[in-house]
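Each chain, letter by letter, is given below.
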Amino acid sequence: MTNVIVIGTQWGDEGKGKIVDWLSEKADLVVRFQGGHNAGHTLVIDGNVFKLSLLPSGIVRNNTVVLIGNGVVVDPFHLIREIKQLEEKNIKISPENLIISDAAFLILPIHQLVDEIREKNYGSKKIGTTGRGIGPAYEDKIGRRGLRICDFVNKDDFESKIKKLYDFHNIWLSAMSESKQNYEDVIDKLWSLGQKIIPFTRPSWLILDEYKNESSNILFEGAQGTFLDIDHGTYPFVTSSNTVSSQAGIGSGAGPTLMNYTLGITKAYTTRVGSGPFPSEDHGENGIKLGKQGHEFGTVTGRQRRCGWFDTVLVKQAVALSSINGIAFTKLDVLDGFKQIKICVGYTLDGKTINYLPSSTLEQEKIKPIYEVM
Ligand code: IMP
């Protein structure tokens, strides 16, 4: 039995999709354990391009069962759309190969709206979110007012919960001089989507327990990257979930002894989408060249990624944070056209050398990379 966690060691977009797809051929079960449809995985199989945001990568492989764990936030509109898109490409999706945790929280239309309005109001200080409602949905989870997939079993109960949630958000929306939202505009559509989703649902921990036998290989597919982690990343310029390896157990319903190996995915240079500190960013010609040669545009939003040099300080920190056993190094060929490349081997902060990324945003913005030129 080998149960492997795959996570990104930078700010996401390290090429996890490709490695996860390669590993999922050998996996019996592929599990997503955090994030939502803010993730973007591009898979190319026999010339067919599949773009996945929410469904675990193994879905396009025959004989692989995929599980959306309780730690994922699920937008029912998006879920049904993504299933439909894959079915149009002749991928068969049924409760036999797709299982969704009944305890996963829902992203509702109001979450997306709140996400967009907040970003608009932050102006130049915006986080640069994917605008998918991820943050507001996780806030409601922690605030103990969120709705879960298992709430699709009783319409009266669902209605009373969604009403409370909309009432809560409407206070802020009216304070911001935005239009109040009416839950009655969305409830019927949501309910009918929920009825389509219910046949796919089961407790995620129970599935893991069933697969926990000697012949099963379970692959835990991380989304985003270590420095977008809500606790360990470049807060507040992060996503709203934990992206480090420990989340694999929490977000699916198993303890750490189920996992045997953590594989970190590391790109030969560094990219980041959205705002926030990026010590080895290259604002000049080299950054542009890395972006062009590496096709660095977001899968979900199409945004151009910020590009810079390989930062060993960050990757070492990621190795420690997730107790990484091994690294898959990606996109090395993108560096082929460069006569010289730089590698960040340390930082200076107020004239002192440091070998880690400090927690304070002010210090993260102040540090200067120390490069080795090769
Ligand atoms: P959110 O996850 O949409 O709230 O966005 C928060 C931050 O995480 C923003 O900087 C996004 O660009 C970034 N982010 C979210 N998902 C991904 C991803 O899959 N790859 C890279 N960056 C991401």
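Before reading further, recall that the structure is shown in the block above.
A brief report on the enclosed structure follows. Bear in mind that the values here come from a model prediction, so they are computed numbers and not experimental data.

## A few points about the packing of helix α2 (residues 76-88) against helix α6 (residues 187-197)
It is at 9 Å that the axes of α2 and α6 come closest, and there the two elements cross at 50 degrees. When the axis of α2 is compared with that of α6, the two are oblique. Considering only the axes of α2 and α6, their crossing is left-handed. Across the interface between the two elements, Pro76, Phe77, Leu79 and Ile80 from α2 touch Lys189, Leu190, Leu193, Lys196 and Ile197 from α6.

## Observations concerning the sheet that holds strand β11 (residues 261-267)
One open sheet holds the eight strands; their spatial order is β9-β7-β5-β2-β10-β1-β11-β15, and the pairing between them is parallel. The open sheet has two edge strands, β9 (201-202) and β15 (326-330), and neither has a second partner. Note that strand β1 (residues 4-8) and strand β10 (residues 218-221) share three bridges and pair parallel. Counterpart to Ile5 in the pairing with β10 is Phe220.

## Overview of the site of the ligand
Around the ligand sit 16 residues in total, of which Asn38, Thr130, Thr239, Val273 and Arg303 are the nearest. The contact in question runs from a nitrogen atom of the ligand to an N or O atom on the side chain of Asp13, over 3.3 Å. Here an oxygen atom of the ligand sits 2.9 Å away from a polar atom, N or O, in the side chain of Asn38. Residues belonging to the shell around the ligand are distributed by class as follows: six nonpolar, eight polar and two charged.

What counts, and at which threshold
Residues numbered from 1 in each chain as written. Predicted model: local features only at pLDDT ≥ 70, side-chain atom pairs only at ≥ 80, totals over all residues. Heavy atoms only, no water. Axes fitted to C-alpha atoms, helices over the stretch in contact; angles between N-to-C directions. Helix = DSSP H or I, 4+ residues; strand = E, 2+ residues; numbered from the N terminus. Parallel < 35°, antiparallel > 145°, perpendicular 65-115°, else oblique. Left-handed = near helix turned anticlockwise from the far one by under 90°. Contact = heavy atoms within 4.5 Å. Pairing = 2+ DSSP bridges. Near = heavy atom within 4 Å. Polar contact = N/O pair within 3.5 Å; in protein donor to acceptor, adjacent residues only side chain to side chain. Nonpolar A, V, L, I, M, F, W, Y, C, P; charged D, E, K, R; others polar.

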